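Residues per chain are reported as follows:
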Amino acid sequence: MWKPAGMDTREGVKASKLRRHTPAYLAPWRVSPCVFRSSKSELKPNLASDGLACAPLQMFTEEEAMLKDMVTKFAQERVAPFVQKMDENAKMEDSIIQGLFEQGVCTLLPNLYFWKLMSIELGEEYGGTGASFFSIILAVEELAKVDPAVALVCELQNTLTNKLFTTYGTEEQKRTYLPRVSKDTLGSFCLSEAGSGSDAFSLKTRAEKKGDYYIINGSKMWISLAEDAGVFFVMANTDPSLGYRGITCFIVDRNTEGLHVGKKEDKLGIRASSTCPVTFDNVKVPETNILGQVGQGYKYAIGMLNTGRIGIAAQMLGLAQGCFDRTVPYTKERVQFGKSVFDFQGMQHQIAQVATQLEAARLLTYNAARLAETGRPAIKEASMAKYFTAEVPASPSLQGFIPLLVATLTTSKCIEWMGGVGFTKNYPIEKYYRDCKIGTIYEGTSNIQLSTIAKFLAQEY
């Protein structure tokens, strides 16, 4: 056998064995034997039979465009005047919550178009708008441009509260609660506990069956909208011996004896939106208030959070875009060394890089939303959208190789571009900076998103 100079026969045998155990697809200059998912094509839908059209992600239906314009107007006229006050007082204005529930009318379309921001996708028979899931994403994005805290209220009501009732509720539960959550009642999702954050299904809240009732005992932490909520979805374990398979979702009205909402947290950002501990002390709940089936609560939580992550991506996207929109005009007006700050090439490159990150985040978010509303799998895409709007690598020329939020990257750079005034509370830029941090934490941390993405990649390859 031929052998290279300096290699004895024994070494040649070792090298031969090594080559035989090398995976085929690692062989140099060789076509991979695998057809990976990224190489597969998917047929376009039959446009005539399915009634679908292939269009750019940023092209909207007439109704979606109209809703977007109406939300923009609502945010500017009804929300913007109170943003600073709500942030300082850590309290949502009642008039804003009422405005979100109110019915608006658009007469610009051939037919009258009614809308409610708290029940966008909910059917008209329950007092909702009957619009698309994508419309929710557009509404959240537009609200977040002005105040991410207000956007969160809209996002949670639409993607969690309404969705839980419509997807898993009995007809009686739908008739009882959907008209309320469409009209004036906030919902609140109670999952996290002191010892179960990302490890959500290690929760300790217990529901013990007593005849045709359950008795709930336990406590929850970090519960969004709890201060003003009228109905709570409580995840409790009916049989701890089954582990997470004992977790069941209960519908609990606020006035139920034994339910106590604690003092709201004094938070860094999204301060107008309440976050409170909630405790349950021998709370008696009828068996008819079980949402879905006993022991299936963990599945419902996963399903809702997967959809909700698209909403949070939209919130972070809107936040970043709103901050960007307020800052760039200032750079064109601010004059230093005889010309506007914007006219310096170094500044133009930074602004262009941030704008590119924003556009990439928007396309990821819109794609996940379109997939979800057509009923197609979108779990990986939802995690990617939330992760990218929450923790993508910033350009090396801007931030080194430190991972940063799209929102944090944008708001951080906007403060720098504004200079000293950007660091003061006289301008809203510092508020955007504070508000954005929560994006890496709630509805699944960035590491949880990465684990989800990796899980799907492992299946694909």
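No experiment lies behind these values; they were computed from the predicted model shown.

(A) Broad picture of the nonpolar core. Judged by nonpolar contacts, the single largest core of 99 residues is most densely connected at Leu117, Leu143 and Phe165. Top contributing element to this core by residue count: helix 9 (residues 297-333), with 17 residues. Setting aside residues up to four positions removed in sequence, Leu117 forms contacts with Leu67, Val71, Phe74, Leu100, Ala139, Cys154 and Asn158. Core analysis: the next-biggest nonpolar cluster, separate from the first, contains 19 residues, Val234, Phe250, Cys276 and Phe280 among them.

(B) Broad picture of the packing of helix 7 (residues 148-168) against helix 8 (residues 171-183). Across the interface, helix 7 lies against helix 8 with an axial gap of 9 Å and an inter-helix angle of 160°. Considered as vectors, helix 7 and helix 8 are oriented roughly antiparallel to each other. Between helix 7 and helix 8 lies a crossing of left-handed hand. Residues Gln157, Thr161, Asn162, Phe165, Thr166 and Tyr168 of helix 7 lie in contact with helix 8, whose contacting residues are Gln173, Lys174, Tyr177, Leu178 and Val181. Its residues placed into classes, the contact of helix 7 with helix 8 shows five nonpolar, five polar and one charged.

(C) Quick peek at the packing of aromatic side chains. Under the criterion given, the structure shown has twelve aromatic pairs. Consider the rings of Phe60 and Phe134, whose centres lie 5.8 Å apart with planes at 45°: the pair is tilted. You can see Phe60 sitting in the loop between helix 2 (47-50) and helix 3 (62-79) and its partner Phe134 sitting in helix 6 (residues 133-146), a full 74 residues away along the chain. Here Phe134 falls in the buried class, since its relative accessible area comes to 0%. Members of the aromatic cluster, each reached through a chain of ring pairs, are Phe60, Phe134 and Tyr366. It is Lys284 that lies over the ring of Tyr213; its NZ or CZ is 4.3 Å from the centre. The side chain of Lys339 reaches across the aromatic face of Phe344, ending 4.5 Å from its centre.

(D) Local environment of the environment of Phe82. Secondary-structure assignment places Phe82 in the loop between helix 3 and helix 4 (83-89). Distance in space between the C-alpha atoms of Phe82 and Asp147 is 9.5 Å, their sequence separation being 65 residues. Apart from the residues lying within four places of it in its own chain, the contact partners of Phe82 are Glu93, Ser95 and Ile96.

(E) Structural detail: the pattern of salt bridges. All chains considered together, the criterion is met by 25 salt bridges. Close ionic contact of Arg362 with Glu141 constitutes a salt bridge, the shortest N to O distance being 3.2 Å. Highlighted residues: Arg362 in helix 10 (residues 345-373) and Glu141 in helix 6, separated in sequence by 221 residues. Arg362 gets classed as buried once you look at its relative accessible area, which sits at 7%. For Glu141, a relative accessible area of 2% translates into the label buried. Lys264 is the salt-bridge partner of Glu227, the closest N and O atoms lying 3.5 Å from each other. One end of the pair, Glu227, is in the loop between strand 5 (213-224) and strand 6 (231-237); the other, Lys264, is in the loop between strand 8 (259-261) and strand 9 (275-286), and 37 residues separate them in sequence.

(F) The arrangement of the packing of helix 13 (residues 406-418) against helix 14 (residues 429-436) in detail. At a minimum axis distance of 9 Å, the contact between helix 13 and helix 14 shows a crossing angle of 160°. It follows from the interaxial angle that helix 13 and helix 14 lie roughly antiparallel. Considering how the two elements wind past one another, helix 13 and helix 14 form a crossing that is left-handed. Residues Ala407, Thr408, Thr411, Ser412, Cys414, Ile415 and Met418 of helix 13 pack against Ile429, Glu430, Tyr432, Tyr433 and Cys436 of helix 14. In terms of residue class, the contact of helix 13 with helix 14 is built from eight nonpolar, three polar and one charged.

Basis of the calculations
- Residues numbered from 1 in each chain as written.
- Predicted model: local features only at pLDDT ≥ 70, side-chain atom pairs only at ≥ 80, totals over all residues.
- Heavy atoms only, no water.
- Core = buried A, V, L, I, M, F, W, Y, C linked by side-chain atoms within 4.5 Å.
- Buried < 20%, exposed > 50% of the residue type's maximum accessible area, 1.4 Å probe, protein only.
- Helix = DSSP H or I, 4+ residues; strand = E, 2+ residues; numbered from the N terminus.
- Contact = heavy atoms within 4.5 Å.
- Axes fitted to C-alpha atoms, helices over the stretch in contact; angles between N-to-C directions.
- Parallel < 35°, antiparallel > 145°, perpendicular 65-115°, else oblique.
- Left-handed = near helix turned anticlockwise from the far one by under 90°.
- Nonpolar A, V, L, I, M, F, W, Y, C, P; charged D, E, K, R; others polar.
- Phe/Tyr/Trp six-rings, centres within 6.5 Å; stacked < 30°, edge-to-face > 60°.
- Lys NZ or Arg CZ within 6 Å of the ring centre and 35° of its normal.
- Salt bridge = Lys/Arg side-chain N within 4 Å of Asp/Glu carboxyl O.

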